[in-house]
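Coordinates in review
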Amino acid sequence: MWTIAIFDPFSSPQFLGEALRRRKIRSVAVYTREISPEICAHLYAPQFFDVVLHTQGWAEMEVEKYLKRLATSYVLYGNEFAVPLADRIARVITPQSANDPATSDCRWNKYAMNQCITEHDLPGIRQVMIPAFLSQEDRQAIRNTLKFPLIVKPVQAGGTQGMAKCETMAEIETHLEGIPGEHLALCASQFVVQEFIHGEEYFVDTVSVQGEHQISGVFHNVKHYFSHSNIYQRTEIVDPTDPAWKQCTEYVLKVLDITGFHNGFAHTEVFMTEHGPLLLEINPRISGASGYIQKITRLVYGWSQPDLLADALSCSSPLYRDYTLHSYGIMVYLNNWQENHQLSELKLSLLQGLPSFQETTMLFPLGVLVNPPVNLLQTIAFVLLHHPDRQVVEKDFRQIMAWEKAGMLF
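Residues numbered from 1 in each chain as written. Predicted model: local features only at pLDDT ≥ 70, side-chain atom pairs only at ≥ 80, totals over all residues. Heavy atoms only, no water.

Here we take up the sheet that holds strand β4 (residues 74-77). Within the open sheet, the four strands sit side by side as β3-β2-β1-β4. Their pairing is parallel. Here the strands that pair on one side only, and so sit at the sheet edges, are β3 (51-54) and β4. Going from strand to strand, the sheet's axes swing by 20° on average, the running direction of each strand aside. With five bridges joining them, strand β1 (residues 3-7) and strand β2 (residues 26-31) adopt parallel strand pairing. Of the residues in β2, the one forming a bridge with Phe7 is Val30. Sheet strands in contact with helix α4 (residues 83-93) are β1 and β4, and its direction is about 175° off that of β4. (Pairing = 2+ DSSP bridges. Helix = DSSP H or I, 4+ residues; strand = E, 2+ residues; numbered from the N terminus. Axes fitted to C-alpha atoms, helices over the stretch in contact; angles between N-to-C directions. Contact = heavy atoms within 4.5 Å.)

With that out of the way, let us pick up helix α3 (residues 60-69). Val63, Glu64 and Leu67 are the residues of α3 that are buried. The arc that holds the buried residues of α3, viewed along the axis, is 100°, so those residues lie on one side. With respect to the buried face of α3, the exposed residues turned more than 90 degrees away are Met61, Lys68 and Arg69. On its buried face, α3 is in contact with β1, β2, β3 and α4. (Buried < 20%, exposed > 50% of the residue type's maximum accessible area, 1.4 Å probe, protein only. Arc of directions from axis to C-beta.)

Here the focus is the sheet that holds strand β7 (residues 164-166). An order of β5-β8-β6-β7 is seen for the four strands of this open sheet, with the pairing classed as antiparallel. Both edges of this open sheet fall to β5 (127-131) and β7, since each of them pairs with a single strand only. Strand-to-strand, the axes of this sheet are offset by a mean angle of 30°, without reference to chain direction. Bridge count between strand β6 (residues 150-154) and β7: three bridges; the pairing is antiparallel.

Turning our eyes to something else, we now look at the pattern of salt bridges. This model, assessed by the stated rule, comprises 19 salt bridges. A salt bridge links Glu236 to Arg234; the nearest nitrogen and oxygen atoms lie 2.6 Å apart. Using a relative accessible area of 9% as the deciding quantity, one classes Glu236 as buried. (Salt bridge = Lys/Arg side-chain N within 4 Å of Asp/Glu carboxyl O.)

Shape descriptors only; they carry no functional weight alone.
So, in structure tokens, the structure goes:
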């Protein structure tokens, strides 16, 4: 039996743990950070893993010894912040399948990963790194390199936290002042300012084992700007006959090679522009959103990222995978657009009447007061739609959006 250690498995933890168990892989959840009430409520799910370690305060050598005693054969990132530590420990206990600690920054730092690929002549986004408080030199560097509007975001953050579209230098400074100095899910000491890219957002989910990459799926994110932030509406699977599929996958595989991403799950986001794809960021983990992306690939293709990993580790990966879409799936993001709205029970009867409806997950407790969203973590619920006929899914999506706009869902 394979034993896999996942460092800080906060991304789709239930799906990940259950998927590994389904493939008879023993999972070890290694929690390295303090678990806040916010994380507990949404992302902390130790019950789905076979062994659970809380290593806050442990020396690295203690973690290494414990994982060796468990006969750990593979190490995965479960969260962006886990990369440097996981790389160092993997190099000691599983050197044959470890990423190089010398290039860890390229796999978690949004500035470093873009610098890395441009230094290797792969197209990237123009950018400047800044501290939380701008000096005159910082302002001048921004003016000399970039033109407004600009995107400002932490060098690391989850769920689009700390990101804003800014039209002036004053807006950048106001935005930085409003970000908390300490937050578990974002790095508030350094930020990256990037040119605003006009293009569609795609992502490619992959599994890499000893430098061999397998594609789990290609998806298109549909968003709209609201109050300086990008708000998700839907994520849809992409047909391989769409030119974007080939362009995105070829580009992303080069990104993974350049950044030294030889082992593990990756969820790599790109902007598709008229000149081709540009890296938005590598998320060094399984897809998030409560496993819904994984569920779509399971419904459409019969696999998920953990399934591809299990195949690769057991040397049972087929030489060819068929990505033809014989059905269609999307994930819908439900948002609240009212001020100080008290959440009521999700109107499941409405959703169940849709032909493509599969399941839904409410992300906040009943009765809580919510406002319009400013980031992905304020999504109220996910809905999974899947059907052999794409037109049926599209019609159902439009109906859900009409219900959301009318405030009928919760």
